[in-house]
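# Residue-level structure breakdown
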Amino acid sequence: MIRIAVCDDEVSTCSEIEEAVLDFARGRGIQAETEVFYSGEGLYPFVSEYDLIFLDIMLLEMDGVALGRRIREELRNEKIRIVYISSRESYAMSLFSVRPLDFLIKPVARERLWEVLETFLRLREDGAGEFVFKAGKSLGRLYLDEIRYFACSGKKVEIHALSGRREFYGNMREVWRQTEGKGFLTIHKSYVVNTAFVSVYRHDSVELADGTVLPVSQRHRKTLREHLLEQYGGGR
């Protein structure tokens, strides 16, 4: 079961998105439950109940960006996927701190919305994956969507996750083998980052949701920028 919220102060927009979501779910044979909200303050008390939120930016009182920041910073919830909706494209690259799944322009095309839902399902499957490593005589496992980044120091690899720091003897080749195509990017010879946790992008560094700043080497800057532009909607 996937629970999806639609939050927009335009009744027609909510109806169109809800109908498109339910049609998609029926076509894929997926169980989906949707609920509509017309204000950010109405949705906020219930956000933790949803897997995916379609959220208008230009809401009254608590706008979509403010609500997104409260989800990430106050609730410290990184698992809820947020898709922003707006009639203005200029917002796309200003949303890094909220780390949305995508950005849709009104009027929302059903084909684009279905593309976003396909991406959501793929990431949901990938996020359920695990990173497996050997720590001493034990075998360790961490969910991929809880890992912020990997840091290599000599023959050791540090795993920086929501649950704390772990380490194992290995190299970045082993890290990349398990994370390739699952939302992780190499940004430096010593770092592989989960791009879902990137809140600020600079020319030569990224800042993560917890304030950690990691360097981005010259050879990886173009790939990272293109990936982030695509991820946050600016490349569409």
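All of the points below concern the structure found in this document. (Residues numbered from 1 in each chain as written. Predicted model: local features only at pLDDT ≥ 70, side-chain atom pairs only at ≥ 80, totals over all residues. Heavy atoms only, no water.)

## Things to note about the overall build of the chain
Scanning the chain from N- to C-terminus turns up six helices and 15 strands. For 236 residues, the compact-globule estimate of 2.2 N^0.38 gives 18 Å, and the chain sits close to it at 18 Å. On the principal axes, the C-alpha backbone points of the chain span a range of 55 × 35 × 30 Å. Classification of the 236 residues of the chain by burial places 47% in the buried group. (Helix = DSSP H or I, 4+ residues; strand = E, 2+ residues; numbered from the N terminus. Rg over C-alpha atoms; globule rule 2.2 N^0.38 Å. Buried < 20%, exposed > 50% of the residue type's maximum accessible area, 1.4 Å probe, protein only.)

## Notes on helix 1 (residues 11-28)
Compared with the 26 Å implied by 1.5 Å per residue over 18 residues, the 26 Å span of helix 1 between its first and last C-alpha is a close match. In the stretch just after helix 1, G29 is the one whose phi turns positive, near 70 degrees. (Expected span 1.5 Å × (residues − 1).)

## Let's talk about unusual backbone geometry
Backbone torsion omega between K106 and P107 reads -10 degrees, so that peptide bond is classified as cis. Locating P107 in the fold gives a position in the loop between strand 5 (102-105) and helix 4 (110-127). Its identity is not glycine, yet R99 carries a phi of approximately 55 degrees, on the positive side. Relative to the helices and strands, R99 resides in the loop between strand 4 (81-86) and strand 5.

## Section: the packing of aromatic side chains
For the coordinates displayed, the defined rule picks out nine aromatic pairs. On the numbers, 4.8 Å between centres and 55 degrees between planes, the contact of F131 with F150 is tilted. One end of the pair, F131, is in strand 6 (residues 130-135); the other, F150, is in strand 8 (residues 147-153), and 19 residues separate them in sequence. Seen from their ring centres, Y149 and Y191 are 6.2 Å apart, and the 55 degrees between their planes marks the pair as tilted. Of this pair, Y149 sits in strand 8 while Y191 sits in strand 12 (residues 191-194), and the two are 42 residues apart along the sequence. Y149 gets classed as buried once you look at its relative accessible area, which sits at 8%. (Phe/Tyr/Trp six-rings, centres within 6.5 Å; stacked < 30°, edge-to-face > 60°.)

## A closer look at the side chain of Q178
Position of Q178 relative to the elements: it lies in helix 5 (residues 172-179). A polar side-chain atom of Q178 sits 2.8 Å from the main-chain carbonyl oxygen of V132. Side-chain polar atoms of Q178 contact the side chain of E174, separated by 2.7 Å. If sequence neighbours within four positions are ignored, Q178 has contacts with E130, F131, V132 and L144. (Polar contact = N/O pair within 3.5 Å; in protein donor to acceptor, adjacent residues only side chain to side chain. Contact = heavy atoms within 4.5 Å.)

## Thoughts on the pairing of strand 7 (residues 138-143)
Inspection of the sheet shows strand 6 paired to strand 7 by six bridges, in the antiparallel sense. Each residue of the ladder has a partner; that of F133, found in strand 7, is G140. In this structure, the hairpin formed by strand 6 and strand 7 is closed by a connection of two residues, where G136 is found at a positive phi of approximately 65 degrees. (Pairing = 2+ DSSP bridges.)

## Brief notes about the environment of W176
Structurally, the position occupied by W176 is in helix 5. Residues W176 and F131, 45 residues apart in the sequence, show an inter-C-alpha distance of 10 Å. Ignoring sequence-local partners within four residues, the contact set of W176 consists of F184, L185 and T186.

## Comments concerning the pattern of salt bridges
A full pass over the atoms with the stated rule returns 21 salt bridges. The salt bridge involving D8 is made with K106; its shortest N-O contact spans 2.9 Å. Taken together, the residues span a long stretch of sequence, with D8 in the loop between strand 1 (2-7) and helix 1 and K106 in the loop between strand 5 and helix 4 at a distance of 98 residues. For the pair D8 and K106, one class covers both residues: buried. The partner of R202 in a salt bridge is E207, and the shortest N-O contact between them spans 3.0 Å. Here the salt bridges share partners, and the residues they tie into one network are R3, E33, E35 and E49. (Salt bridge = Lys/Arg side-chain N within 4 Å of Asp/Glu carboxyl O.)

## With respect to helix 3 (residues 64-74)
Buried within helix 3 are the following residues: G64, V65, L67, G68, I71 and R72. Along helix 3, the residues classed as buried sweep out an arc of 165 degrees about the axis, all on the same side. Across helix 3 from its buried face, at more than 90 degrees, point the exposed residues E73 and E74. In this fold, the buried residues of helix 3 make contact with helix 2 (40-43), strand 3 (52-56) and strand 4. Between the side-chain oxygen of the N-cap and the backbone nitrogen of V65 there are 3.0 Å, and the N-cap of helix 3 in question is D63. One or two residues past the end of helix 3 sits R76, with phi positive at roughly 55 degrees. (Arc of directions from axis to C-beta.)

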